[in-house]
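# Summary of structural features
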Amino acid sequence: MVVPCAAQLSDPNNDEQVMVPRRCSARIKTLKSDQEAQRQRGARCRSIDNPPPKTKVYSKKRKVDTTPSQPVQVDTTPSQPVLNDHAITVADPPVNEHPSGNDNDKSSHARVTDTLRKFNKHYLHFVQEEEIRCRRDQADHKAKKNSKSKEVEDDGKRSSKRPDLKAITKMISEKEVLDCQRIGSIPGIDVGHQFFSRAEMVVVRMHNHWLNGIDYIGQAAGKKEEYKGYSLPLAVSIVVSGQYEDDQDNYEEIVYTGQGGNDLLGNKRQIKDQVMERGNLGLKNCMEHSVPIRVTRGHRCVNSYVGKVYTYDGLYKVVNYWAEKGISGFTVYKFRLKRIEGQPVLTTNQVHFIRGCIPNSISEIRGLVCEDISGGLEDIPIPATNLVDNPPVAPTGFTYSRGIIYAKGIKLPSAPTGCNCRGSCLDPRICSCAKLNGSDFPYVHKDGGRLIEPKAVVFECGLNCGCGPACVNRTSQKGLRYRLEVFRTPYKGWGVRSWDYIPSGATICEYIGLLKKTDQIDPAADNNYVFDIDCLQTMKGLDGRERRLGEVSLPGSWQKDAEKTSDGGPEYCIDAVSVGNVSRFINHSCQPNLFVQCVLSTHHDIGLARVVLMAADNIPPLQELTYDYGYVLDSVLDRDGKVKQMACHCGAADCRKRLF
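Because the structure is a prediction, the values reported are computed rather than measured.

Per-residue pLDDT for the chain has a mean of 79; in total, 74% of the residues score no lower than 70. Note that residues 28–102 has pLDDT below 50 and, in this model, 137 contacts with residues that lie over four places away or in other chains. Taken as a whole, residues 151–157 scores under 50 in pLDDT and shows two contacts with residues more than four places along the chain or in a different chain.

Below, the structure is given as structure tokens:
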């Protein structure tokens, strides 16, 4: 952990010396043996005769009787409420939790996360396509002005399409959507999970339609064995987002207006009678068969590209339904749903009242121990809070710095020639920096700049480039963009969280410290802040690192560097033990929401690349920010050659149980 207790690293009554743990930019894969790990790490590790057994993480599954209950005798006269008091179990029905692909060794939470990350990658690719199309349309419009024909304009309109819908289509065609059961809860999606769009809900099968409020199993599924005995259609999920003027919601109980008859222009008014069919009939059948319904609520959110964030609030049961004249005078069906007992505490009201009360000023913060750990160096203050220690203490023992400090003897290479763009780099066909990134820009302009996907290395514009500071290809150089808070955790020392929504691909901060050669590290020091600059090792997949793909045009001199590092470790590292920025407080997680990206801007020496932390997921406010430290297991030894171990307290479903 970032600030471990002394007892976690060494015994004060023992004279043993610690071989310093070293963080990596890519997760270390499971190696075949401890001997192989030691061979790849070189002289820093000694042979281990009796390695500790590997810890396996099992996903506990619950058994449930899936025999459908007998249909309830219902008075179907629309004007009379129909009641159903049958108990509904919260347990999950049998399910094939595995999505397409060989991910059977992952937990359900990890598979959901991977699916959403694939969606975000496809989404940002299509955002980039749309940005290019819009720029070309604007250029054509300026060039031709009124000479463009109406037919050409119509063709242009038909060629555009929402990037999120394109991403859904792409994932379906690539068989990348999550494959799971339709009825009941979705493994890996807990109560309180937040989605940034309806499209995200589609790809994890939370709600299979990006527009309709009721998701249901249609008549065509009647031939499947799992639905025999049920009356179809059968509703499985609803989204409560205020689309109808008659909706009522007090969180534990919902009066949900049925499907159809509303004005699709968005004014929520009914313009015709509703009919007992499709989703409406599906909800009625759910009541008769005691089938639970997933309920997700949409709330306004300026950080979501659709203007809303969607929170999963658990399983509900339909207890009655009726027909009545709505506010606009047309017949509407009403369905009363009650939340099933035995589930985690309802979260939607917490989203409103806890996250809605994020402090507007420093004076409103509970447990404040430091107003700004940067001492005014950052454009956005970084407060520190401590509600754990008594008396509360502030983070101390380091000097804050916005930029890398270079050890004596470290000389940076000269700046590259740079691109000839003016103002902002827009055309990858003529930008020399874009050509280094595989003939395209690694970022999209949306949300102030977002990295489309992790790359082996990102080439940003530098000192000699003609573009200005607002260029999208300088995204990681623009400093802090989100309101961060350093807070004390019960078991992991200090941690970091954001008060703002952070979209995937956004830059969080750079790992700052003293840049020096790795052979200058004191092996006996109690130092847990050393980060290897291992960009080249990651690109080559050395030392068990997961190789990162991505088209880049590598300078010819790098091939010689690659040969030199084939048998050795990184030449340089960043030591943040005594000088650093907010990144030194960001904790490890075996299932992190950040990733490490190597960036080159002021020079093109990959051995001295900048280490930048970026968002791997859409991160809601107050969720702790974490990344995988990438420690090699059994690589930390005392002076007697015995393995030092440190337990992991990240709490992830796929936790490896040890940091090193």
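This is not the end of the story, as more comes after the structure.
Looking now at the sheet that holds strand 22 (residues 572–575). Spatially, the five strands line up as an open sheet ordered 1-21-22-20-13, and their pairing is mixed. In this open sheet, the two strands that pair with only one neighbour each are strand 1 (22–23) and strand 13 (405–406). Where strand 1 lies against strand 21 (residues 530–532), two bridges are found, and the strand directions are parallel. Looking across to strand 21, one finds that R22 is bridged to V530.

Scanning the entire structure with this criterion turns up ten aromatic pairs. Summarising the aromatic geometry, the rings of F196 and Y501 are spaced 5.3 Å apart at their centres and angled 75° between planes, so their arrangement reads as edge-to-face. Note that F196 is positioned in the loop between strand 2 (194–195) and helix 6 (198–203) and Y501 in the loop between strand 18 (494–498) and strand 19 (507–510), a separation of 305 residues in sequence. Judged by its relative accessible area of 5%, F196 is buried. Using a relative accessible area of 11% as the deciding quantity, one classes Y501 as buried. Feature note: the residues Y511, F531, Y627, Y629, Y631 and F660 constitute an aromatic cluster, connected by ring pairs. The cationic tip of R584 hangs over the ring face of F398; the distance from NZ or CZ to the ring centre is 4.3 Å. Directly above the aromatic system of Y529 lies the positively charged group of R584, at a separation of 4.4 Å from the ring centroid.

Okay, the nonpolar core next. Grouped together as the largest cluster of nonpolar side chains are 60 residues, with contacts concentrated most on L484, V486, L594 and Y627. Listed by contribution, the elements that provide at least two residues to this core are strand 17 (484–488), strand 18, strand 19, helix 10 (535–540), strand 22, strand 25 (594–600) and strand 26 (610–615). When residues of this core are assigned to their parent elements, the largest contribution, four residues, is made by strand 25. Apart from residues lying up to four places away in sequence, L484 is in contact with P381, I382, P383, V496, R497, S498, I508, V582 and L625. Counting residues in hydrophobic clusters, the runner-up holds 31 residues, among them L116, F126, V204 and V239.

Before going further, it helps to spend a moment on the pattern of salt bridges. Inspection of every chain in the model, using the stated rule, returns 24 salt bridges. Across the pair D500 and R483 runs a salt bridge whose closest N-O atoms are separated by 2.7 Å. One end of the pair, D500, is in the loop between strand 18 and strand 19; the other, R483, is in the loop between strand 16 (458–459) and strand 17, and 17 residues separate them in sequence. Given a relative accessible area of 17%, D500 falls into the buried group. Looking at R483, the relative accessible area reads 31%, which means it is partly exposed.

Turning next to unusual backbone geometry. If a residue is not glycine, its phi is most likely negative; likewise, a peptide bond is most likely trans. In this chain, L232 is followed by P233 through a cis amide linkage whose omega measures 5°. For the peptide bond that leads from N390 to P391, omega is 5°, which places it in the cis range. As for its placement among the helices and strands, P391 is situated in the loop between strand 11 (384–385) and strand 12 (399–400). A positive phi angle, near 50°, is found at R278, a position not held by glycine. Residue position: R278 is located in helix 7 (residues 278–289). According to the relative accessible area criterion, R278 is partly exposed, its value standing at 41%. Although it is not a glycine, L622 sits at a positive phi angle of roughly 70°. Following the sequence through the fold, L622 ends up in the loop between strand 26 and strand 27 (626–627).

What counts, and where the lines are drawn
- Residues numbered from 1 in each chain as written.
- Predicted model: local features only at pLDDT ≥ 70, side-chain atom pairs only at ≥ 80, totals over all residues.
- Heavy atoms only, no water.
- pLDDT = per-residue confidence, 0-100.
- Contact = heavy atoms within 4.5 Å.
- Pairing = 2+ DSSP bridges.
- Helix = DSSP H or I, 4+ residues; strand = E, 2+ residues; numbered from the N terminus.
- Phe/Tyr/Trp six-rings, centres within 6.5 Å; stacked < 30°, edge-to-face > 60°.
- Buried < 20%, exposed > 50% of the residue type's maximum accessible area, 1.4 Å probe, protein only.
- Lys NZ or Arg CZ within 6 Å of the ring centre and 35° of its normal.
- Core = buried A, V, L, I, M, F, W, Y, C linked by side-chain atoms within 4.5 Å.
- Salt bridge = Lys/Arg side-chain N within 4 Å of Asp/Glu carboxyl O.

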